[in-house]
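Chain by chain, the residues run as shown.
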Amino acid sequence: MPIDLSAFGTLQQKLRWPLTFTWAGLLAERLVRAFWPLWTLIAATAAALMLGLQDLISIEIVWSLMVLISLFFVIFAVKGLRGFRWPLRVEALARLDATLPGHPLTALTDRQVIGDTDDASRLMWLAHQARMAERVADARPVEPDLKLARQDPFGLRYVALLGLVVALLFGSVWRAGSVTGMTPGGGALASGPVWEGWIEPPAYTGLPSLYLNDLRHEIRAPEGSRITIRFYGEVGALTLAETVSGRTEDVGAASDTTQSFDITRDGEVRIDGPGGQGWMVRVTPDLPPTVELVEEGTRTTFDGQMSQPFRARDDYGIVDGIATFELDLDRVDRRYGLAAEPDSQEPIVLQLPLPITGARDEFTETVVENLSEHPWAHLPVTLTLEVSDASEQIGQSIPEEMMLPARRFFDPVAAAVIEQRRDLLWAKSNAPDVARMLRAISHDPEENLFRDHGAYLKLRVILRRIEQLAADGALTDEKQTEIAQAMWDLAILLEEGDIGDALERMRKAQERLSEAVKRGASEEEIAELMQELRDATQDYLRQKTQQAQRDRDRDGTDERDLSGENREMTMLTQQDIQDMMDRIQELMEQGRMAEAQQALDEFQQMMENLRMAESQPGQGGDSPGQQAMEGLAETLRDQQGLSDQAFRDLQEQFNPGANQGQGQGQGTQGRGDDLGQGDDPDGQGQQGEQQGQGDEAGSLADRQEALRRQLEAQRESMPGPGTPEGDAMRDSLDRAEGAMEGAEQALRENDLAEAIDQQSEAMEALREGMRSLGDAMAQNSQPQNGQGDSLGQFGEQQSDPLGRMPGRGSQVGTQDDLLQGEDVYRRAGELLDEIRRRSGDTARPEEERDYLRRLLERF
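Just so you know, these numbers come straight off a predicted model, no measurement behind them.

About the thresholds
- Residues numbered from 1 in each chain as written.
- Predicted model: local features only at pLDDT ≥ 70, side-chain atom pairs only at ≥ 80, totals over all residues.
- Heavy atoms only, no water.
- Pairing = 2+ DSSP bridges.
- Helix = DSSP H or I, 4+ residues; strand = E, 2+ residues; numbered from the N terminus.
- Salt bridge = Lys/Arg side-chain N within 4 Å of Asp/Glu carboxyl O.
- Buried < 20%, exposed > 50% of the residue type's maximum accessible area, 1.4 Å probe, protein only.
- Axes fitted to C-alpha atoms, helices over the stretch in contact; angles between N-to-C directions.
- Parallel < 35°, antiparallel > 145°, perpendicular 65-115°, else oblique.
- Contact = heavy atoms within 4.5 Å.
- Nonpolar A, V, L, I, M, F, W, Y, C, P; charged D, E, K, R; others polar.

Peer 1: Can you tell me about the sheet that holds strand β6 (residues 258-262), naming the residues and giving the values?
Peer 2: Spatially, the 4 strands line up as an open sheet ordered β2-β1-β4-β6, and their pairing is antiparallel. Where the open sheet ends on each side, the last strands, each with one partner, are β2 (210-211) and β6. By the bridge criterion, 2 bridges tie strand β1 (residues 194-200) to β2 in an arrangement that is antiparallel. Counterpart to Ile199 in the pairing with β2 is Leu210.

Peer 1: Which residues make up the pattern of salt bridges, and what values do they have?
Peer 2: Oppositely charged side chains may form a pair once their charged atoms are brought near each other. Following the criterion strictly, the structure yields 30 salt bridges and no others. Close ionic contact of Asp433 with Arg436 constitutes a salt bridge, the shortest N to O distance being 2.0 Å. Here Arg436 and Asp433 lie together in helix α10 (residues 431-441), a separation of 3 residues that amounts to about one turn. Take Asp433: its relative accessible area is 38%, and that puts it in the partly exposed class. The exposure class assigned to Arg436 is exposed, which follows from its relative accessible area of 53%. Across the salt bridge formed by Glu634 and Arg637, the nearest N and O atoms sit 2.9 Å from each other.

Peer 1: Explain the sheet that holds strand β5 (residues 239-242) to me, using residue names and the numbers behind them.
Peer 2: Strands sit in the order β3-β8-β7-β5 across an open sheet of 4 strands; the sheet is mixed. Looking at which strands have only one partner, the edges of the open sheet turn out to be β3 (217-222) and β5. Put simply, the sheet's adjacent strands are angled 25 degrees from each other on average, direction ignored. Pairing of β3 with strand β8 (residues 278-284), which is carried by 6 bridges, proceeds in the parallel orientation. Looking at β8, one finds that Ile219 is bridged to Val281.

Peer 1: Residues and numbers for the packing of helix α2 (residues 16-50) against helix α4 (residues 89-98), please.
Peer 2: Packed helix pairs are specified by the crossing angle of their axes together with the interaxial distance, meaning the distance between the axes. At a closest axis distance of 9 Å, the pairing of α2 and α4 adopts a crossing angle of 105 degrees. In terms of their interaxial angle, α2 and α4 are classed as roughly perpendicular. Where α2 abuts α4, its residues Pro18, Leu19, Thr22, Trp23, Leu26, Glu29 and Arg30 lie against Arg89, Glu91, Ala92, Leu93, Arg95 and Leu96. Partitioning the contact of α2 with α4 into residue classes produces 7 nonpolar, 1 polar and 5 charged.

Peer 1: Please set out the pairing of strand β15 (residues 380-389) residue by residue, giving values where relevant.
Peer 2: Of all 10 residues that make up β15, 9 are buried, and the element is covered over most of its length. Bridging between strand β12 (residues 318-327) and β15 involves 9 bridges; their strand directions are antiparallel. Bridge assignment links Asp320 to a residue of β15, and that residue is Ser388. Sheet topology note: the β15/strand β16 (residues 394-396) ladder contains 3 bridges and is antiparallel. Residue pairing for β16: Glu386 is matched across the bridge by Gln396. Taking the residues that link successive antiparallel strands as the turn, the β15-β16 hairpin has 4 residues, and the phi of Glu392 there is positive, at about 65 degrees.

The structure is reproduced here in structure tokens:
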């Protein structure tokens, strides 16, 4: 039954817009379902014409397709018209009513048939009508159903729509007009002949195509661009003349309907005939690429890994590059094993790294490679970089003369094995000489040249193998390579012992952290890599310590007998490592990545210095300067121990009984900690306040007097008199001696607060003296004019593994001066904070942490 709402004027006004939109949706739904084949055909035809597909096939096929398309157009149009039915308002109203609960529009048109005379029944009917009216007031437009999946299961409409979008983006509406000139037999157009053309730059330039019909007068195009011109209409009505291609063969007729050629030089392109046009073409040359070495950032790690930055440029982009190392035979020192005529060796060719993302027209990258195992390691070579672009043009850098970067071996036996390996790879004729040298090296295995018997046995096996092959004349390239690899493995074993895994782990941890900093990794990733580097470094130092202990056990030496390079190892404490790691992490957290990268480089240099200091025997012996530095460090530790003891006595005065019961040995903790527990010859700590503060102060005064006399003797024997640094050192020691004397007097008078102040001044003066001594040692560490040190006393002094001179930041223990200033209570608080920190450091020995915890319990 049709719905009639004419009687409900107000309600009809509310339904106006929902009903209108529902009717429009119904119209769109019927149009789409009736005519989707027609507009799909129109979109596909337009896309093909705009893309110029008609120009790729013959005229006969084009017209056949046009007839077929016209036929389908009529069929789809007739079918659509027959299936389309104009929607009525009543149909829209019925669709709207069907979406409402209870069909309220239908209910509003109903009339009461039964009970219309009963008042109660009429009231109920009116209430029902009012409820239905409320539902109608909430009516919303009904969305049309435009889905055509059942009618178009293959999605042909989407294919046609996609083709039309592509044609609009990359095609031209003008191309569609070319079909009008394709009459059977090639007759002329009613409007005369027409033409169109394009300039397509080389793909590697990334430049867009140019449509000649839209250009006037002068054109600039990259070298190698291709021009394509097509003529439509009467053949011969239009002709082409050009001077940009330089063609002399296979030119063809000037009136050919399709012509293509490449731009190689400046010139003119002209179309003669009705509607013709001319252009002056200017060629943008494709310049050859350039490449150069960058000095900043060049380095070689302690394991021989080379990093060589370079900078490359090209107007459109680099596509390939190589680095070539060639032996510079004229600069080779042709002595010993290098005197023989070298075997033929191919140049070293490395692939240059290119940016994975981003532009390649200008960039800076780094060649990273380890060439330590190559026969040319540490020999003169020339490095040449070569890059090429997409047009196969080549650019080269200026040849750079250098020594081929490679790993250096500091163990004397390892270095000798590597040298003989180089001689063997230099020329097979060196095999007998190599065998004799190896036999001489391994003549007496008891000379402490080998860490273990296994390395000696490996050397003897290599020796016999070389002698056998040399005697039989059977040293082929394969055997030569095999022996060279065995000699390399032996040298690594001799150089690193059993710590190779820890060293490699530390190196790779450094590389990963450095790479993360460069690419701006997240804070979480950097924190994980930082912890990995901490663990690897601690593991490396632990194995170094174990190896040193094994060497001492083998040689029967005591740790106190260590000198030179072995004592250098003790200078690199875990506190130094912790401070450096904390500094790097702090810089990263603050976003100062450039400074963090520099700190990482310094850490790498520190580890290399450590290896050099430990691997070069006889290079760090006890020179007079070093002996003086060690003596002052010992005096400083003893003075700090006395100051700690005086502070405990002062604590006892303010809190009697606090130190009672602590037992024996509290005052004789080791001196290796820079907290500086004082010496207690009797092994007694605080014995309680009943023993008497006066006796204790007297004992401390006697020890202070002995320490002052020890410093006086040291001052008299200090090296470097007459130099500015030496004079500054003696002035500082004089002040230290005077402060010690004042502390001694205060202790005898039982004035512990004054004694602590004087002791603090003495320690500060001692530190200044050590710094002055370190300055003198650093000043004279470099030979002058080839004559060695100007102060002979400091000639053999070496820097510590951190790259510092003793006394320049290498104070005993922590670098923080915990007892400076005038306020004893402030100094006491700082000391307690330091004790708490160290008691929680799990890397420290358990005995030391237990002692620190007992100190905290006392105070």
